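# Structural overview for review
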Amino acid sequence: MKFLEDKLIATLSPEFIEIRDDSHKHASHAGVLERGGGHYTATIISKAFAGKSRLERQRTVHEILAEEFASNQIHALSLNLKTADEV
């Protein structure tokens, strides 16, 4: 998860970030890697989301993590994306 957090911090400069590995909830589900991982929930509060719709925010995160999706390091990602004013 640190690899996800580091990449998102470098790009979004968030005021708050929390990434939770939910893979244990999907142990028999496709996409769960043998070493663990694959299903994550990310909560990010960042000024980078200001003026963006929910879809634009999600696209931004997916673009940042495109390599991780392509290499199957991430199978599923649940996102909670806000600005500080929205919290």
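For clarity, every value in this text was computed on a predicted model and none was experimentally measured.

## Observations concerning the sheet that holds strand 2 (residues 39-45)
Judged by pairing direction, the sheet is mixed, and its three strands sit side by side in the order 1-2-3 without closing on themselves. For this open sheet the edge positions go to strand 1 (16-21) and strand 3 (76-82), each flanked by a neighbour on one side alone. Across the sheet, the mean angle from the axis of one strand to that of its neighbour is 10°, orientation sign disregarded. Here strand 2 pairs with strand 3 via seven bridges, running parallel. Each residue of the ladder has a partner; that of tyrosine 40, found in strand 3, is leucine 77. Strands in contact with helix 1 (residues 2-12) are strand 1 and strand 2; relative to strand 1, the strand with the most contacts, it is inclined by about 155°. With respect to the sheet, helix 2 (residues 54-64) is in contact with strand 2 and strand 3, its orientation differing from that of strand 3 by roughly 125°.

## Here's the deal with the confidence of the model for the protein chain
Looking at the protein chain, the pLDDT average stands at 88 and 84% of residues meet or exceed 70. Across the protein chain, the element-wise mean pLDDT spans from 92 in helix 3 (residues 66-70) up to 98 in helix 2.

## Things to note about the nonpolar core
Counting residues in hydrophobic clusters, the biggest one holds 16 residues, and the most contacted among them are Leu8, Leu12, Ile19, Ile44, Val61, Leu65 and Leu77. Ignoring any residue separated from it by four or fewer positions in sequence, one finds leucine 8 in contact with Ser13, Pro14, Ile17, Ile19, Ile44, Val61, Ile64 and Leu65.

## Some points on the side chain of threonine 60
Looking at where threonine 60 falls in the secondary structure, it is placed in helix 2. Within the structure, the side chain of threonine 60 is placed 2.9 Å from the backbone oxygen of glutamate 56, a separation counted as a polar contact. Once residues lying within four places of it in the same chain are set aside, the contact partners of threonine 60 are Leu12 and Lys52.

## Description of the pattern of salt bridges
For the structure shown, the criterion picks out four salt bridges. Among the ionic pairs, lysine 2 bridges to aspartate 6, the shortest N-O distance being 2.9 Å. Here lysine 2 and its partner aspartate 6 are both found in helix 1, four residues apart, which amounts to about one turn of the helix.

## Some remarks on unusual backbone geometry
Although it is not a glycine, serine 13 adopts a positive phi angle of roughly 45°. Mapped onto the elements of the fold, serine 13 is located in the loop between helix 1 and strand 1. In this model, asparagine 72 sits at a positive phi of 65°, which is unusual for a non-glycine residue. Along the polypeptide, asparagine 72 turns up in the loop between helix 3 and strand 3.

Rules used throughout
- Residues numbered from 1 in each chain as written.
- Predicted model: local features only at pLDDT ≥ 70, side-chain atom pairs only at ≥ 80, totals over all residues.
- Heavy atoms only, no water.
- Pairing = 2+ DSSP bridges.
- Helix = DSSP H or I, 4+ residues; strand = E, 2+ residues; numbered from the N terminus.
- Axes fitted to C-alpha atoms, helices over the stretch in contact; angles between N-to-C directions.
- Contact = heavy atoms within 4.5 Å.
- pLDDT = per-residue confidence, 0-100.
- Core = buried A, V, L, I, M, F, W, Y, C linked by side-chain atoms within 4.5 Å.
- Buried < 20%, exposed > 50% of the residue type's maximum accessible area, 1.4 Å probe, protein only.
- Polar contact = N/O pair within 3.5 Å; in protein donor to acceptor, adjacent residues only side chain to side chain.
- Salt bridge = Lys/Arg side-chain N within 4 Å of Asp/Glu carboxyl O.

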